[in-house]
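Architecture at a glance
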Amino acid sequence: GISLFLFLLITAIGFAQKQITIDDIWTNGVYRSKGVPGFRFMDDGKHYTQLKQNYLVKYDLTTGNVTDTLINFNKLPFPDDRKQVEDYSFNDDESQLLLTTGGESIYRHSTKEWTYIYDPSSNKLISLDDEGKQMHATMSPDNKKVAYVRDNNLFVETIPGGKVRQLTKDGSPTIINGT
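First, a word on scope: everything that follows refers to the structure included in this document. Fair warning: this is a prediction, and the values are worked out from it, not measured in the lab.

1. Here we look at the overall build of the protein chain
Helix and strand counts for the protein chain stand at two helices and twelve strands. The secondary structure elements of the protein chain, listed N-terminal to C-terminal, are α-α-β-β-β-β-β-β-β-β-β-β-β-β. Taking all 179 residues of the protein chain together, 30% fall into the buried category. Pairs at least 24 residues apart make up 25% of the contacts formed inside the protein chain by residues separated by at least 6 positions. For the protein chain, the exposed area adds up to about 12000 Å²; of that, 54% sits on carbon and sulfur atoms.

2. Concerning the layout of surface pockets
Roughly 270 Å³ of internal volume is contained in the largest pocket. Lining the largest pocket are 13 residues, with Asp87, Tyr88, Thr100, Glu113 and Ala137 positioned closest to its centre. Among the secondary structure elements, those contributing two or more residues to the lining of the largest pocket are strand 5 (87-90), strand 6 (97-107), strand 7 (110-119) and strand 9 (135-139). In terms of residue count, the dominant contributor to the lining of the largest pocket is strand 7 (four residues). Along the lines of polarity and charge, the residues of the lining of the largest pocket split into three nonpolar, seven polar and three charged.

3. Concerning a negative patch on the surface
Negative charge collects at one region of the surface, where Asp43, Asp44, Asp92 and Asp93 lie side by side. Under the relative-accessibility criterion, Asp92 is labelled exposed at 56%.

4. Some remarks on the environment of Glu86
By secondary structure assignment, the location of Glu86 is in the loop between strand 4 (66-72) and strand 5. Once the C-alpha coordinates of Glu86 and Thr100 are considered, the two residues, 14 residues apart in sequence, prove to be 5.7 Å apart. If we skip the residues at most four places from it in the chain, Glu86 touches Leu51, Thr100, Thr101, Gly102 and Gly103. A polar contact is formed between the side chain of Glu86 and the backbone nitrogen of Gly103, at a distance of 2.7 Å.

5. Some points on the sheet that holds strand 2 (residues 47-52)
One open sheet holds the four strands; their spatial order is 1-2-3-4, and the pairing between them is antiparallel. The sheet is open, and its two borders are formed by strand 1 (40-41) and strand 4, each paired with just one other strand. Judged from the six bridges that link them, strand 2 and strand 3 (residues 55-60) form a sheet pairing that is antiparallel. Across the sheet, residue Leu51 finds its bridge partner in strand 3, namely Leu56.

6. Considering the environment of Thr63
Structurally, Thr63 can be placed in the loop between strand 3 and strand 4. A residue is classified by how much of its surface remains accessible, and Thr63, at 48% relative accessible area, is partly exposed. Note: C-alpha distance between Thr63 and His47 (16 residues apart in sequence) is 9.7 Å. Of the polar contacts made by the side chain of Thr63, one reaches the backbone nitrogen of Asn65; its length is 3.1 Å.

7. Considering the pairing of strand 6
Pairing of strand 5 with strand 6 involves four bridges; the strand directions are antiparallel. Bridge pairing in strand 6 places Tyr88 opposite Leu99. Where strand 5 folds back onto strand 6 in an antiparallel hairpin, the turn is made up of six residues, including Glu94, whose phi is positive at roughly 60 degrees. Where strand 6 and strand 7 come together, eight bridges link them in antiparallel fashion. In the sheet register, Leu97 faces strand 7, and the bridge partner there is Tyr118. Where strand 6 folds back onto strand 7 in an antiparallel hairpin, the turn is made up of two residues, including Arg108, whose phi is positive at roughly 50 degrees.

8. A word on the environment of Tyr55
By the secondary structure assignment, Tyr55 is in strand 3. For Tyr55, a relative accessible area of 32% gives the class partly exposed. Sequence separation between Tyr55 and Asn72 is 17 residues; the distance between their C-alpha atoms is 4.6 Å. The contacts of Tyr55, once residues within four sequence positions are left out, are Gln50, Thr69, Ile71, Asn72, Phe73 and Asn74.

Scoring rules and cut-offs
- Per chain, residue numbering runs from 1 following the sequence as it is written.
- Restriction of local features to residues with pLDDT of at least 70 applies here, the model being predicted, together with a cutoff of 80 or more for giving and counting side-chain atom pairs; totals for whole chains, interfaces and linings are based on all residues.
- Only heavy atoms go into the side-chain values, all of them from the structure, while hydrogens and water stay out.
- Helix and strand definitions here come from DSSP, where helices need a minimum of 4 consecutive H or I residues and strands a minimum of 2 consecutive E residues; each element is numbered from the N-terminal end.
- Each residue's exposure class comes from its accessible area (1.4 Å probe, protein chains only) as a fraction of the maximum for that residue type: buried when under 20%, exposed when over 50%, partly exposed otherwise.
- A contact between two residues is defined here by any heavy atoms of the two lying within 4.5 Å.
- Each accessible area value is a Shrake-Rupley result obtained with a 1.4 Å probe; residue values ignore everything except the protein chains displayed when judging cover.
- Cavity: a set of points on a 1 Å grid over the protein atoms alone where a 1.4 Å probe fits but cannot get out. Pocket: an open set with protein on both sides within 12 Å along at least five of seven lines, its lining residues, like those of a cavity, having an atom within 4 Å of a point.
- Grid points are joined across faces, edges and corners, and a volume is the space filled by probe spheres set on the points.
- Side-chain classes follow a simple rule in which Ala, Val, Leu, Ile, Met, Phe, Trp, Tyr, Cys and Pro form the nonpolar group, Asp, Glu, Lys and Arg form the charged group, and the remainder, Gly included, forms the polar group.
- Patch membership is restricted to residues that have no salt bridge and whose relative accessible area is over 30%. Joining uses 9 Å for like charges and 5 Å for the nonpolar side chains Val, Leu, Ile, Met, Phe, Trp and Tyr.
- Whenever Lys or Arg places a side-chain nitrogen within 4 Å of a carboxyl oxygen from Asp or Glu, that contact is recorded as a salt bridge.
- The convention is simple: Lys and Arg are positive, Asp and Glu are negative, and His and the chain ends are not counted.
- All charge positions are set by atom: Lys at NZ, Arg at CZ, Asp at CG, Glu at CD.
- Whenever two N or O atoms come within 3.5 Å, that pair is a polar contact, provided that in protein one can donate a hydrogen and the other can accept it, and provided that, for residues adjacent in sequence, both atoms are side-chain atoms.
- DSSP bridges decide pairing: two strands pair if at least two such bridges lie between them.

Written as structure tokens, this is what we have:
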């Protein structure tokens, strides 16, 4: 009771004396909420995964303890300049992953990168479109196609390693399709 009241009173007085600035709000991130990057819940509702030093690690959601190392990305046959996996996402049924390497910042939060499809059951790694780095790669619900943006145009690639179909052709610095 009384100790909680004193704590709240002291905290309120401390905040009342600090002037809030525009820079603190927008530039310095003083009041911005913190997140956990690379954190992915698994469909079973009991686990989550995280990328740790080029390994995909599975954790127990209730304890936070490691339950398994799902994938050692160091053992996959990436080209030498693309060995470090920077991000990953599972497809809808968690049977395959989209992996990104060689990320390049474009503007604020936008990046383009090399994208790979990895099937853990067959241990196959397939490179998506080697014509150039991609943006926003997303696998279809039936796991048969991947849509992405390259050079401001929208593409769809049939997988595994199949036909690439360009859906737009008017991409330019002023016409940005698919983003």
